[in-house]
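Read off the chains here:
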Amino acid sequence: MEELVSMGFISLIPAILAIVLSFVTRDTVASLVVACITGTLLAGNGLLGFPTLLKESLGTTSFSWVMLLNLFAGILVAYFKKTGAIQAFTQFVKEKNLGRRGVQLVAWVMGMFVYFSDSFSPLFVGSTMREVSDSENISREKLSYIADSTAAPVSVLVPITGWAAYLSGLAIGIGCIADQEQASALFLQAVPFNFYAILAVILVGLIGSGILKDFGPMKKAEKRAIEEGKVIRDGGTPMVGKELTEMQAYEGLKPRMFLNFILPVILIICIAVGTYIQMNSAKTMEAFLYAILFMSVSMLIQGVPFKEVMRTIQEGIKGAVPAVIILALAYSINALSKQMGTANYIIHITEGFLTPALLPAIIFLVSAVMAFATGSSWGTFAICMPIALPLAFSFSGGEVSTLVVAAFAAVAGGGVFGDHCSPLSDTTVLASSGAGADHIDHVKTQLPYALCCGGVATVLYLILGMISL
């Protein structure tokens, strides 16, 4: 294998600095700014490197997409609150007397139901269940964990998502995988071996139902919420503006839960799923936009003045700004890591360990570290899959063996694992935003659960590697 180009250990410094400072200072924005400036200086880009980095990394289709999705979600939540739909939904659930366990399980099932998009899922679950969750004194950390751990882990297991199309597409042309049909078959074979994703989804259900008790920082957060009624710790900064959390329904407007909540959600799901079936790509952002247009007209017909509708849009955008700022800086760190060759360095230092018996476990851990350092699971897939699969095929004589299937699954699961642990991940930010949680508090409370699932998955990959020889 030819020498991979990178700046060596220096390429890890921006990501390490951002993560360490975030935990120490609890100020994610300042930490990311310091990391970006330090990284651009180390990369030799000078004092103008930081603004140049912002301009180049934010002027991309991928950032525009996630930014618009977040803004549209903010507007939609504002509409839900202004029409009284969220309040009506909260009252409806409270009348069912589900209790803390019931509410957590509803959020768990809801997260699995909207599997078609890992971006839509945490925003939808968090925003929809936030007031219900607050009424049961469930910490925002717990809600963001449920929303996060039923997003990417579910998307990476279901064969009719963008994740499946992307991952299987990366396998085409490697070994004996000649076309999309064979690549899709490999994806399906790999599902039972995607140990981290399966364990992460199961753990949410076990924790939410009370079969397993909370532990670590989450236990402390839940105790605070139950005993003190504080769903956010003192000094915590919710990843959503008060414009959304404190918005009241328009006076005199009759709450219509079906028209102003259920129907727009159905519209979003139908457009997203329909576009995936027709175009092989779920147009989630476009689905949000059409739902907003539908609700705008609906609110006007229901008697809400035009100025009030426009004011609601503005408040929704303001409420989404905290998350957009962090997303912008996280994308900048990701771009900087790519420029400095962070992923290449991680691959380079682990090449010597890639023996047949250790291949699945090492690939899983390398993918996790890479996703953690860069905050991008899809970027990790793009780099790791073309390396992991050829190695697996070389050990299996060019046939689709258990080792090949395990390597495919390890890349997929490892990317999600690292993504879950990283404060730089866009889905982690979106989970904090949807639930209205402090971002670093969400990362700290989710981390022990992710590490437990990751540890078990690593052991399973070690066993699988040994028995597949």
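Above this text you will find the structure in question.
Small disclaimer: the values here were computed from a predicted structure and weren't measured.

Within the element layout of this structure, Ser377 appears in helix H20 (residues 377-395). Given a relative accessible area of 6%, Ser377 falls into the buried group. For Ser377, the contacting residues outside a window of four places in its chain are Trp163, Ala371, Gly415, Val416 and Asp419.

A complete count under the given rule lists 13 salt bridges for this structure. Two residues, Lys142 and Glu222, come together in a salt bridge whose shortest N-O distance is 3.2 Å. A residue pair is termed long-range when its members are at least 10 positions apart, and Lys142 in helix H8 (residues 140-149) and Glu222 in helix H13 (residues 217-228) qualify at 80 residues. Of the charged contacts in the structure, one is a salt bridge between Glu228 and Lys230, with a shortest N-O distance of 3.4 Å. Judged by relative accessible area, Lys230 falls into the partly exposed class, the value being 26%.

The backbone of Asn97 sits at a positive phi, close to 50°, despite the residue not being glycine. Tracing the sequence through the fold places Asn97 in the loop between helix H5 (85-95) and helix H6 (99-113). On the basis of relative accessibility, which here comes to 66%, the residue Asn97 falls in the exposed class.

Among soluble globular proteins, nonpolar side chains are generally buried collectively. Ranked by internal contacts, the top residues of the largest apolar core, which has 130 residues, are Met129, Tyr196, Phe408 and Tyr461. The element that contributes the greatest number of residues to this core is helix H21 (residues 402-421), accounting for 13 residues. Those residues in contact with Met129 that lie beyond four places of it in its chain are Phe89, Val103, Val106, Ala107, Met110 and Leu143.

To continue, consider the environment of Ala107. Structurally, Ala107 is set in helix H6. The exposure class assigned to Ala107 is buried, which follows from its relative accessible area of 1%. Between the alpha carbons of Ala107 and Thr128 there is a distance of 8.9 Å; along the sequence they are 21 residues apart. Contacts of Ala107, omitting those with residues within four sequence positions, involve Val125, Met129, Leu143 and Ile146.

Procedures and definitions
Residues numbered from 1 in each chain as written. Predicted model: local features only at pLDDT ≥ 70, side-chain atom pairs only at ≥ 80, totals over all residues. Heavy atoms only, no water. Helix = DSSP H or I, 4+ residues; strand = E, 2+ residues; numbered from the N terminus. Buried < 20%, exposed > 50% of the residue type's maximum accessible area, 1.4 Å probe, protein only. Contact = heavy atoms within 4.5 Å. Salt bridge = Lys/Arg side-chain N within 4 Å of Asp/Glu carboxyl O. Core = buried A, V, L, I, M, F, W, Y, C linked by side-chain atoms within 4.5 Å.

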